[in-house]
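Residues per chain, in single letters:
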Amino acid sequence: MSIIPGWARGRGLFADSKGPWGPSSGGTPPGGGGSDGADTPRPGPSSPWGSPGVKRPTGAASNVTSLDDFIARSRARFGGGGSGVGQRPPSKALIVWGLVAAIALWLLLTSFHRIAPEERGVVTQFGRYSRTLGPGISFTLPSPLERVQKVDVENIRNIDLGSATSETLMLTGDQNIIDIAYSVRWNVRDPELYLFELQNPEETIQQVAESSMRAALSGVTLDQAIGEGRGDIETRVQDSMQRILDFYKAGVVIQGVAIKQADPPAAVNDAFKAVSAAQQAAQSDINQARAYALQLRQLSQGEATAFEKVYEQYRLAPEVTRRRMYYETMERVLQNVDKTIVEVPGVTPYLPLQQTRPPAAALQEPGAGAAQQQGAGR
Amino acid sequence: MTNVILRRPLLSAIIALVVLLTLLSSVRIVPETSQALIVRFGKPDRILNRYQPGAPIGSEGAGLAFRVPFADEIVWIDKRVRDVDMERQMVLSTDQLRLEVDAFARYRVVDPLRMYIRARSEENVSTALRPILGSELRNELGRRPFADLLSPERQGAMENIRRGLDRVARQYGVQIIDVRIKRADLPDGSPLQSAYERMKTAREQEARSIRAEGARTAQVIRAEADALAAQTYAASFGKDPAFYDFYRAMQAYQRTFVGDDGKARPTNVILSPQNQFLREFTQGGGR
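Student: Explain the overall build of chain A residue by residue, including any values.
Tutor: The secondary structure content of chain A amounts to 12 helices and 10 strands. Split into buried and exposed, the 378 residues of chain A put 34% on the buried side. A separation of at least 24 residues holds for 67% of the contacts in chain A among residues at least 6 apart in sequence. Looking at chain A as shown, the accessible area adds up to about 22,100 Å², and 58% of this sits on carbon and sulfur atoms.

Laid out in structure tokens, this is it:
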């Protein structure tokens, strides 16, 4: 708050281009200097903000900022600050003790190692492999002599190859294309091999995974890869990876390969869906036919059984049973229909046929009826 | 001695520093992962921590090494297995199909001196081997039909490529451990599209045949059921065809005129008095 107008003033001077720091209007620099000189030694405000605030009114009144002024002030301030630290030379004993402490700390830090349960510490003595530390607290020679590299051997690491969002296309044995995503889980078995044998262990594992997966897929058909062959492919890739990595002395164990996704490529997905739709349709056709067959079997057996029951009775008293059935049926039939009885043969009855709505259902021909009844009566 | 140091502190400090630096520069740590080729005045002198097949980790070689200051120069050469990742190669099979192949080779410097003389650094070896790997791959795979390209491991092609590449690599003091195909893809554009088209049509064909097969199976099931029903009927009704005729006629009348639900159909029946059902009207009525 107190400074900003001062800056603004300075800028104004700049804009007027009347010399960067020189006094523009006829102020009195010695006066300003004098007032500053009077202000700075004051012990009261120790903060640098304090003094301009105090001298503010006089500065505004004189309207002066000079380089000399500034230098003088800075010098005074610097001198004050310097005197606060003190210029006593540090004692030699202190330096020696400091050095000893630093060395002791260094020895402690570099020779004392805490190996976590999942870690192993690979000790190299002047760069040469010396031993592997198990979990717990261990001591080694201090740093330049022995170094410890901690390797996490238990943690199972995951490499994802291919993803659900982008297509990773591979060729199968029947020259089809499959979109595959899988992950490989591995951990370190021999930390010293892992550290010293391969230049890029992780990259190597990834390359070997890709290579093994491609080789495994080239041995199966697309349908196997999409369908029931997955487990087989996973084991095959795992075995193959382990074999190759052991050959490289990578010192890792492949814990498992998981195929997360094995689909036909998006471009042909619809055709694959059509196949499963066709399978569903065919299955439902077959189901319907089975239902029909079941129904028909029951029906036929039912009818046959019913006939046989009646037939048994009929055999006991054929004539009577036959007549009874005949009359009962006629009774049921004729009691519910409109009947017309025509006495005289040769009289053509003009029947109100329009009332008999379904003409086919009407028995118009007496001869036909008689024939049936004759047949029935036989 | 102390007097000299006290009298000339600056000079003695400088001398001490120089001695220290010389001592330090005469000692080098050879890490387990590197081979050190020591060159004295430009002439190769000795190799430390050289790769020995089958030697266990931590054997002689790595560790402290001494060199003559200002005379010996140490060239560090990786001892580990390194890889050359090849750029994608277009391989043309004998049946004129194209395949894009990504391969990698693993190698290890077994003769550091030769490698240093011929190539100076591992990177240069990689750069030199990369195109050779590509051409070996093309030559070897180009002699095979497309179907074999998908699993070249089985036909020993990769071993041939490894051997061919190894022959060249030995000139650089490098041993090729393994060559593998990482990826093998159909090239973008028409080969890929036609493969898609083939897959699509194959699936459509499959879909149709599945449908047809389903329909056929369904029809067979129905026909078998019909046959079985006919058999059942015949076995039962055949016991007395005449009675069956009558029995069935009765059922037919019933169903035709009354229906299964018991409600009459709208039917007009014109009967002659001679009808058997009405015969009592004409014959026995007055009796």
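Student: Can you lay out the pattern of salt bridges for me, pointing to particular residues and giving the numbers?
Tutor: Residue and element names in this part refer to chain B. Taken as a whole and assessed by the stated rule, the structure comprises 32 salt bridges over all chains. Measuring nitrogen to oxygen at the nearest pair gives 3.6 Å for the salt bridge that ties aspartate 102 to arginine 88. Here arginine 88 lies in the loop between strand S6 (82–85) and strand S7 (89–92) and aspartate 102 lies in strand S8 (residues 98–109), a separation of 14 residues in the sequence. As a salt-bridge pair, aspartate 178 and arginine 180 come within 2.7 Å of each other at their nearest N and O atoms. Neither residue differs from the other here; aspartate 178 and arginine 180 are each classed as buried. Three or more residues are tied together by salt bridges with common partners; here these are Arg88, Glu100, Asp102, Arg183 and Asp185.

Student: Outline the sheet that holds strand S2 (residues 34–40) of chain B, listing residues and values.
Tutor: All names here are of chain B. Here 3 strands make up an open sheet; going across it, the order is S3-S2-S5 and the pairing antiparallel. In this open sheet, the two edge strands, each paired with only one partner strand, are strand S3 (43–48) and strand S5 (72–78). Across the sheet, the mean angle from the axis of one strand to that of its neighbour is 25°, orientation sign disregarded. Pairing analysis gives 5 bridges linking S2 to S3, with the strands arranged antiparallel.

Student: Describe the packing of aromatic side chains, with residues and values.
Tutor: Taken as a whole and assessed by the stated rule, the structure comprises 17 aromatic pairs over all chains. On the numbers, 6.1 Å between centres and 65° between planes, the contact of tyrosine 129 of chain A with phenylalanine 196 of chain A is edge-to-face. With tyrosine 129 of chain A in strand S3 (residues 128–133) and phenylalanine 196 of chain A in helix H6 (residues 191–196), the pair connects residues that are 67 residues apart, well separated along the chain. Taking 5.1 Å as the distance between ring centres and 70° as the angle between the ring planes, the aromatic pair formed by phenylalanine 307 of chain A and tyrosine 247 of chain B counts as edge-to-face. Residue phenylalanine 307 of chain A is located in helix H10 (residues 269–316), and its partner tyrosine 247 of chain B is located in helix H8 (residues 241–258); the two belong to separate chains. Comparing phenylalanine 307 of chain A with tyrosine 247 of chain B, the two get one shared label, buried. Aromatic rings pair up to connect Phe307, Tyr311 and Tyr314 of chain A together with Tyr233, Phe237, Phe243, Tyr244, Phe246 and Tyr247 of chain B into one cluster. Over the ring of phenylalanine 246 of chain B we find arginine 322 of chain A, and its NZ or CZ is 4.6 Å from the ring centre. Of note, arginine 222 of chain B hangs over the ring of tyrosine 292 of chain A, and the distance from its end group to the ring centre comes to 5.7 Å.

Student: Give me the lowdown on the pairing of strand S8 (residues 177–188) of chain A, citing residues and values where you can.
Tutor: All names here are of chain A. The element S8 is extensively covered by neighbouring structure, given that 11 of its 12 residues are classed as buried. Bridge analysis of strand S6 (residues 157–161) against S8 gives 5 bridges, and the strand direction is antiparallel. Paired with arginine 157 across the two strands is tryptophan 186, which belongs to S8. One ladder, built from 3 bridges, connects strand S7 (residues 169–171) with S8; its direction is antiparallel. Its bridge partner being in S8, leucine 171 is matched across the sheet by isoleucine 177. Where S8 lies against strand S9 (residues 252–263), 10 bridges are found, and the strand directions are antiparallel.

Student: With reference to specific residues and values, describe the interface of chain A and chain B.
Tutor: Listed per partner, the contact involves 103 residues of chain A and 92 residues of chain B. The contact between chain A and chain B buries some 9,200 Å² in all, and 62% of this surface belongs to carbon and sulfur atoms. Looking only at chain A, the three residues that lose the most surface to chain B are Gln199, Arg214 and Phe307 of chain A, adding up to 8% of its buried area. Across the chain A-chain B interface, the total number found is 4 salt bridges. Our count for the chain A to chain B interface comes out at 27 residue pairs in polar contact (both at pLDDT 80 or more).

Student: Break down the nonpolar core for me, with residues and values.
Tutor: Membership of the largest hydrophobic core comes to 90 residues, with the highest contact counts inside it found for Tyr182, Met213 and Met241 of chain A. The contacts of methionine 213 of chain A, once residues within four sequence positions are left out, are Met170, Ile180, Tyr182, Ile233, Val237, Val257 and Ile259 of chain A. Ranked by size, the runner-up nonpolar core spans 20 residues in total, among them Phe307, Met325 and Val333 of chain A together with Phe246 of chain B.

Student: Account for the confidence of the model for chain A, naming residues and giving values.
Tutor: All names here are of chain A. Taken as a whole, chain A shows an average pLDDT of 76; of its residues, 67% reach a score of 70 or greater. Low confidence marks residues 1–63, where pLDDT is under 50. Its contacts with residues over four positions away, or in another chain, come to 34 contacts. In this model residues 80–86 is a low-confidence stretch, pLDDT under 50, and it forms 0 contacts with partners more than four residues away in sequence or in other chains.

Student: Outline the sheet that holds strand S5 (residues 146–152) of chain A, listing residues and values.
Tutor: All names here are of chain A. On the basis of which strands lie adjacent, the open sheet formed by 3 strands has the order S3-S2-S5 and antiparallel pairing. Each edge of the sheet is formed by a strand with only one pairing partner; in this case those strands are S3 and S5. Recorded for the sheet is a direction-independent mean angle of 25° between the axes of neighbouring strands. Sheet topology places strand S2 (residues 119–125) next to S3; 5 bridges connect them, and they run antiparallel. Across the sheet, residue threonine 124 finds its bridge partner in S3, namely tyrosine 129.

Student: Residues and numbers for the side chain of serine 138 of chain A, please.
Tutor: Summarising the element assignment, serine 138 of chain A is placed in strand S4 (residues 136–139). Setting aside chain neighbours within four positions, we find serine 138 of chain A in contact with Ser111, Phe112, His113, Ile115 and Leu133 of chain A.

Student: Hey, could you go over unusual backbone geometry for me, with residue numbers and the actual values?
Tutor: Residues and elements named next belong to chain A. You will see that phenylalanine 126, though not glycine, has its phi angle at about 50°, which is positive. Its place among the elements puts phenylalanine 126 in the loop between S2 and S3. Phenylalanine 126 gets classed as partly exposed once you look at its relative accessible area, which sits at 24%.

Conventions adopted
Residues numbered from 1 in each chain as written. Chains lettered and ligands numbered in written order. Predicted model: local features only at pLDDT ≥ 70, side-chain atom pairs only at ≥ 80, totals over all residues. Heavy atoms only, no water. Helix = DSSP H or I, 4+ residues; strand = E, 2+ residues; numbered from the N terminus. Buried < 20%, exposed > 50% of the residue type's maximum accessible area, 1.4 Å probe, protein only. Contact = heavy atoms within 4.5 Å. Areas by Shrake-Rupley, 256 points an atom, 1.4 Å probe, with all protein chains shown as cover. Salt bridge = Lys/Arg side-chain N within 4 Å of Asp/Glu carboxyl O. Pairing = 2+ DSSP bridges. Axes fitted to C-alpha atoms, helices over the stretch in contact; angles between N-to-C directions. Phe/Tyr/Trp six-rings, centres within 6.5 Å; stacked < 30°, edge-to-face > 60°. Lys NZ or Arg CZ within 6 Å of the ring centre and 35° of its normal. Buried area = accessible area lost by both parts, 1.4 Å probe. Polar contact = N/O pair within 3.5 Å; in protein donor to acceptor, adjacent residues only side chain to side chain. Core = buried A, V, L, I, M, F, W, Y, C linked by side-chain atoms within 4.5 Å. pLDDT = per-residue confidence, 0-100.

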